[in-house]
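An overview of the molecular structure
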Amino acid sequence: MTVTAVTAVTSTAVAGNPVLRVAPASPAAAAGYFGASLAFHADASDVAIALAVDGDPGFVVLDSRSTESWDRGHVPGAIHLPTALIPEQAEQLLDRSVPVVTYCWGPGCNGATRAALALAELGFQVKEMLGGFEYWAREGFEFETWQGRERHAADPLTAPADAADCGC
């Protein structure tokens, strides 16, 4: 098959294909984008693994939700600082030399993104925990409520049922 034939086949296939209607980025552009994404995000599983190791994980976790939400459940050891209070309280509660991992309710909420932005504007190093508290609980990690500690069974759609990790 000649290059022209390959191009013609690709163009024909792409015309009706919503995934390839916009061509994928070049490998170099994709590497830059996905590398940058990892600099801005961590997932709940990685945060849980880092927190489970004895000693200092090298970051603090910040719950940016309301007090009512915090009381319903939060990551053990997290700092509670609603996004609206970050400008006036962050400097008293956080150490600028320690990276902060923000979270809110879940993937349908951008509260952790707003909190991360507010912290970055104040000069803090910050990452957002993908999935938020929803995925923390759905993956079966222990959490604290105003009544004490709880843990739900891991949702098999979000966490491996019989393995230490998902392999990703």
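See the structure printed just above.
These figures come from a predicted structure and were not determined experimentally.

**Overview of the overall build of the chain**
A count of helical and extended segments in the chain gives 7 helices and 7 strands. Each helix (α) and strand (β) of the chain, taken in turn from the N terminus, gives the series α-α-β-α-β-α-β-α-β-α-β-α-β-β. With 168 residues in all, the chain has 33% of them scored as buried. For the chain, contacts bridging at least 24 residues in sequence account for 61% of all contacts bridging at least 6. Total accessible area on the chain stands at roughly 10300 Å², and carbon and sulfur atoms take up 60% of it.

**Topic: the nonpolar core**
Ranked by size, the top nonpolar core spans 17 residues in total, and within it Val47, Val61, Val75, Tyr103, Met129 and Trp136 carry the most contacts. Put simply, the parts of the chain that give this core at least two residues each are α3 (44–52), β4 (100–103) and α7 (132–138). Discounting residues that sit within four places of it in the chain, valine 61 has contacts with Val47, Leu51, Val75, Ala78, Ile79, Val101 and Tyr103. Val100, Ala115, Leu119 and Val126 belong to the second-largest nonpolar core, a separate cluster that totals 12 residues.

**Description of the environment of isoleucine 79**
Position of isoleucine 79 among the secondary structure elements: in strand β3 (residues 79–80). With a relative accessible area of 22%, isoleucine 79 lands in the partly exposed category. Between the C-alpha atom of isoleucine 79 and that of leucine 94, which follows or precedes it by 15 residues, the distance is 8.8 Å. Excluding residues that lie within four positions of it along the chain, isoleucine 79 makes contacts with Val60, Val61, Leu62, Asp63, Trp70, Leu93 and Leu94.

**So, the side chain of glutamate 139**
With respect to the secondary-structure elements, glutamate 139 resides in the loop between α7 and β6 (143–145). Summary of buried charges: glutamate 139 has no salt-bridge partner, and the nearest side chain of opposite charge, arginine 138, is 8.0 Å away. In contact with glutamate 139, not counting residues within four places along its chain, are Ala44, Ser45, Ala154, Thr158 and Ala159.

What counts, and where the lines are drawn
Residues numbered from 1 in each chain as written. Predicted model: local features only at pLDDT ≥ 70, side-chain atom pairs only at ≥ 80, totals over all residues. Heavy atoms only, no water. Helix = DSSP H or I, 4+ residues; strand = E, 2+ residues; numbered from the N terminus. Buried < 20%, exposed > 50% of the residue type's maximum accessible area, 1.4 Å probe, protein only. Contact = heavy atoms within 4.5 Å. Areas by Shrake-Rupley, 256 points an atom, 1.4 Å probe, with all protein chains shown as cover. Core = buried A, V, L, I, M, F, W, Y, C linked by side-chain atoms within 4.5 Å. Lys, Arg positive; Asp, Glu negative; His and termini not counted. Salt bridge = Lys/Arg side-chain N within 4 Å of Asp/Glu carboxyl O.

This is a description of form; function is not addressed.
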